[in-house]
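# Understanding the architecture of this molecule
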Amino acid sequence: MKKTLLVLLFALTLCVFSYGAGPIIVAKNVRDNPTIELGRGGDAALDNEVRAFLAVCGWFDLVETQGDYRLQLQPKPGGGVRCDLTFSGAPLDSWGLAVSDRRAAAKAIVDHAIETSFSDLKVKGFCASRIAFCARTAPDVRNVYACDIDGKNVVQLTHYNALCVEPCWTPGARSICYSRYGRSGIDIIETTLGGASKSRILSSFRGINTGAAVSPDGRSIAVILSFDHKVDLYIMTIGTGKLTRLTKGIAVEASPCWSPDGSRLAYVSDESGVPRIIVCNRDGSGKRRLPTIGADAVTPDWSADDQIVYATRVGGGYTLAVFDLKTNQNRRITEDGGGFESPAWAADNRQVVCKRSAGRKSDLAVVDSRTGKVRTLLRTGYDLAMPAWSPCAAKSGAK
């Protein structure tokens, strides 16, 4: 069955719902981050929020004393907070901030410290980004949720008595797209976020409508369709429904993702007999099979600096690897036996969120692709998976 093959090819079973960061597991040959200490100010609640985001932002290792960096918070006369950042005792920056919402203020403080300290980070507002994921709360019922980068502030984004899977963010993080399994078939839905959310059907062709990936300009989606009984990759213009077919044959395609400039796509195909990652131009020309590692390679995601992360089967379980399109080299970023699946890049081009399973249990984890460190994002009594990290413009649901 084509549908069964497609589900197997995605390799995206769902996981579980706890709050807060979990233990750090350090892989071999890690390269440590610079350390940072927090000089607490007069607002204990704000101090705790800042400390939490310093611990999970991925750019510093938080220590109690003698850090490479020191971030000092002090109350400002008349309200707000003054922030002083030093490196090896030398002043780097000082700034003030109004505090009407401590959690939002903590995100802004840590983001400013990151942007001041690391010239290679080309994004702003990283701590305000969000992670969407699927949760199974009842048999045959899965909905899309989102959380902050520390695993807190969980918000339900869809409310269906159905299966809603494969969430992806639109540019600007103003809405999400996902596949909804209904009685009449599988449709691709877009739901706007913030305020009075609205939903619309983007694709409802006969058969399968899955794997939606919104182009960087927001005008098109890459989508897997099967209306002619072949499971193939298409590009559909949003609004008009105009289709461009990129593949045609007996092979099953899945999991498309866009290059940063929208000129190319990566996707999974079993045309060689096992799942492999193919890269092509947006018109379907120039197809190239990537020399990935492992027994198969699935669920690719393309970073803004031209690296493709994917899950691959090694030693009977799935691990994560990165293929660098500039150097044509692969590197492993997780160890064997971790059950790592469904990776998605953060906007910092460094961290990856994924499903992690061990036996019958699973959770959502964040992997640092530079250091090999892994932290638990969410672990709960529900089945969770298919995470997608938003662009840094995400504002919906933040508190």
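Being a predicted model, the structure only gives us computed values, none of them experimental. (Residues numbered from 1 in each chain as written. Predicted model: local features only at pLDDT ≥ 70, side-chain atom pairs only at ≥ 80, totals over all residues. Heavy atoms only, no water.)

The next thing to look at is the side chain of Thr247. Structurally, Thr247 can be placed in the loop between strand 17 (243-245) and strand 18 (253-258). At a separation of 2.9 Å, a polar atom in the side chain of Thr247 contacts the main-chain amide nitrogen of Leu233. With residues near it in sequence (within four places) discarded, Thr247 still touches Asp232, Leu233, Glu253, Tyr267 and Lys287. (Helix = DSSP H or I, 4+ residues; strand = E, 2+ residues; numbered from the N terminus. Polar contact = N/O pair within 3.5 Å; in protein donor to acceptor, adjacent residues only side chain to side chain. Contact = heavy atoms within 4.5 Å.)

All right, on to the pairing of strand 5 (residues 81-87) then. For strand 4 (residues 69-75) and strand 5, the ladder comprises 7 bridges, and the chain directions are antiparallel. Opposite Arg70, over in strand 5, you have Thr86 as the bridge partner. As judged from the 7 bridges shared by strand 5 and strand 6 (residues 90-97), these two strands associate in the antiparallel manner. When the bridges of strand 6 are listed, Thr86 appears paired with Pro91. Taking the residues between adjacent antiparallel strands as the criterion, strand 5 and strand 6 are bridged by 2 residues, where Ser88 takes a positive phi near 50°. (Pairing = 2+ DSSP bridges.)

The next subject is the sheet that holds strand 22 (residues 297-302). Taken in spatial order, the 4 strands make up an open sheet running 22-23-24-25, and their pairing is antiparallel. Among the strands making up the open sheet, the edge pair consists of strand 22 and strand 25 (329-332). Taken over all neighbouring pairs, the strand axes of this sheet differ in orientation by 30° on average, direction set aside. Here 4 bridges tie strand 24 (residues 317-324) to strand 25, and the two strands are oriented antiparallel to one another. Across the sheet, residue Phe323 finds its bridge partner in strand 25, namely Asn330. (Axes fitted to C-alpha atoms, helices over the stretch in contact; angles between N-to-C directions.)

Now for the pattern of salt bridges. As enumerated under the stated definition, the model contains 23 salt bridges in all. The closest approach of N and O atoms between Asp363 and Arg356, which form a salt bridge, is 3.1 Å. Look at Asp363 and you get buried, because its relative accessible area is 5%. The exposure class assigned to Arg356 is buried, which follows from its relative accessible area of 9%. (Salt bridge = Lys/Arg side-chain N within 4 Å of Asp/Glu carboxyl O. Buried < 20%, exposed > 50% of the residue type's maximum accessible area, 1.4 Å probe, protein only.)

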